[in-house]
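Secondary and tertiary structure notes
Each chain, written out:
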Amino acid sequence: MAWFKRESVPLDTSGEKRVKTEGLWVKCDNCRQIIWKKDLDQNFNVCPKCDRHFRIDARTRLSYLLDDGKYEPEDNNLVSTDPLHFTDLKSYSDRLKRSQQETGLNDAVINARGRLDGKPVIVSAMEYSFIGGSMGAVVGEMITRAIEKATTGKLPLIIVSASGGARMMEGAISLMQLAKISAALARMEDAKVPYISVMTDPTTGGVTASFAMLGDLNIAEPGALIGFAGPRVIEQTIRQKLPEGFQRSEFLLEHGMLDAVVRRHDLRTYIARALDFMQTPA
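The rules we used
Residues numbered from 1 in each chain as written. Predicted model: local features only at pLDDT ≥ 70, side-chain atom pairs only at ≥ 80, totals over all residues. Heavy atoms only, no water. Helix = DSSP H or I, 4+ residues; strand = E, 2+ residues; numbered from the N terminus. Contact = heavy atoms within 4.5 Å. Lys, Arg positive; Asp, Glu negative; His and termini not counted. Charge placed at Lys NZ, Arg CZ, Asp CG, Glu CD. Phe/Tyr/Trp six-rings, centres within 6.5 Å; stacked < 30°, edge-to-face > 60°. Buried < 20%, exposed > 50% of the residue type's maximum accessible area, 1.4 Å probe, protein only. Lys NZ or Arg CZ within 6 Å of the ring centre and 35° of its normal. Polar contact = N/O pair within 3.5 Å; in protein donor to acceptor, adjacent residues only side chain to side chain. Salt bridge = Lys/Arg side-chain N within 4 Å of Asp/Glu carboxyl O. Axes fitted to C-alpha atoms, helices over the stretch in contact; angles between N-to-C directions. Parallel < 35°, antiparallel > 145°, perpendicular 65-115°, else oblique. Nonpolar A, V, L, I, M, F, W, Y, C, P; charged D, E, K, R; others polar. Core = buried A, V, L, I, M, F, W, Y, C linked by side-chain atoms within 4.5 Å. Pairing = 2+ DSSP bridges.

With that out of the way, let us pick up the overall build of the protein. Counting its regular elements, the protein contains 9 helices and 10 strands. For the protein, the spread of C-alpha atoms along the principal axes amounts to about 100 × 45 × 45 Å. The contacts of the protein with a sequence gap of at least 6 include a subset with a gap of at least 24, amounting to 67%. Positive and negative charge centroids in the protein, built from 37 and 36 side chains respectively, lie 4 Å apart.

Now the structure itself:
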């Protein structure tokens, strides 16, 4: 037996200062680099090592595109009525309420009127975190209204897509939006008003099959997944391995399905130059 006894005295941590680090660092899923969140924000949410473009919300997108990040939201009072009373693991109405609370939006798109390099424009920016950016009756109506306002006012239209496609909870009603929006874009083309489509990660399903690919200029961010059916579905259907990079923006550009792939840092300048060209009198 030891000739002394060691008494354990708990440390007094009452005055200890703890540093909160949660949310201060972000790991890039591509290169596994650990990035200081503030540095990532200052770099347009693009990884400084591998140039991976992180997904961003619609409000951030508008702040990057429009002068001084200022814009006037429009048509933001529209709300889905859950026409089919759809229920799977959760009811559609519950999903809507949760997404509305988490995003502060009524649905998966923001219509905005602002200026880009001094030019008045109308922008529809989709919000992927709202039920996967899916397109139901409200999204279809809001984008159609944006198209009609741009056509009437002779203002350039920019639609930024980030979507999983048509919203299955609204069935055929969501599919109707493809034709509805496409018809409005046809009238816009007849009026010779510029429309620029910007595709981000991901742009899939009915959105790709309609307005995302109907721009006078179709551009995408690097590495964006763009397609109708997903690559896994295609592989299982055709029972073949798809090429490397299939359905990524660089692959689509190489095969003539896009006009350009533009880094987020350069997107605003690129669109401004494109509008200068489109609006120059012949």
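Moving on to the packing of aromatic side chains. Ring pairs (aromatic) are described by centroid distance and by the angle formed between their planes. Taken as a whole and judged by the stated rule, the model has 3 aromatic pairs. Ring geometry for W25 and W36: centres 4.9 Å apart, planes at 70°, overall edge-to-face. One end of the pair, W25, is in strand β1 (residues 25-27); the other, W36, is in strand β2 (residues 34-36), and 11 residues separate them in sequence. By relative accessible area, W25 is classed as partly exposed at 48%. Its relative accessible area of 32% is what places W36 among the partly exposed residues. Its guanidinium or amino end placed over the ring of F54, R52 lies 4.4 Å from that ring's centre, counting from NZ or CZ.

Inspection of the secondary structure puts N218 in strand β8 (residues 217-220). Classification of N218 by relative accessible area gives buried; the value is 7%. At 2.9 Å, the side chain of N218 forms a polar contact with the backbone nitrogen of G215. In contact with N218, other than residues within four places in its own chain, are S197, M199, A212, M213, L258, D259 and A260.

Before going further, it helps to examine the pattern of salt bridges. Taken as a whole, this structure holds 21 salt bridges when the rule is applied. E141 serves as the salt-bridge partner of K180, at 2.5 Å between the closest nitrogen and oxygen. Residue K180 is found in helix α5 (residues 171-190), and its partner E141 is found in helix α4 (residues 137-153); the two are separated by 39 residues along the sequence. Exposure remark for E141: the relative accessible area of 23% places this residue in the partly exposed category. Salt bridges sharing common partners tie together E74, D75, R113, E141, R145, K149 and K180.

Our next topic: the environment of V121. Within the secondary structure, V121 is located in strand β5 (residues 119-126). Of the residues examined, V121 reaches a relative accessible area of 0% and is grouped as buried. Sequence-wise, V121 and K154 are 33 residues apart; in three dimensions their C-alpha atoms are separated by 9.3 Å. Setting aside residues no more than four positions away along its own chain, V121 makes contact with L66, A112, R113, G114, R115, L116, P156 and L275.

Let us now look at the packing of helix α2 (residues 58-65) against helix α9 (residues 264-278). Two numbers describe how α2 lies on α9: the axes approach to 9 Å, and their chain directions differ by 55°. Relative to α9, the element α2 lies oblique. For the pair α2 and α9, contact is made by R61, Y64 and L65 and by R264, L267, R268 and I271, respectively. A class-by-class count of the residues in the contact of α2 with α9 yields 4 nonpolar, no polar and 3 charged.

With that out of the way, let us pick up the environment of A172. Relative to the assigned elements, A172 resides in helix α5. As a C-alpha pair, A172 and G136 span 36 residues in sequence and 9.5 Å in three-dimensional space.

Turning next to the nonpolar core. Grouped together as the largest cluster of nonpolar side chains are 38 residues, with contacts concentrated most on I143, I147, L157, L185, M188 and F211. For this core, the elements supplying multiple residues, two or more each, are α3 (92-103), β5, α4, β6 (157-163), α5, β7 (195-204) and α8 (249-254). A total of 7 residues in this core trace back to one element, the largest contributor, which is α4. L105, I110, V123 and V198 belong to the second-largest nonpolar core, a separate cluster that totals 24 residues.

For the rest of this paragraph, the subject is the pairing of β7. In terms of burial, β7 is largely enclosed, as 10 of its 10 residues are buried. Here 6 bridges tie β6 to β7, and the two strands are oriented parallel to one another. Counterpart to L157 in the pairing with β7 is Y195. When β7 meets β8, the two strands line up parallel, connected through 4 bridges.

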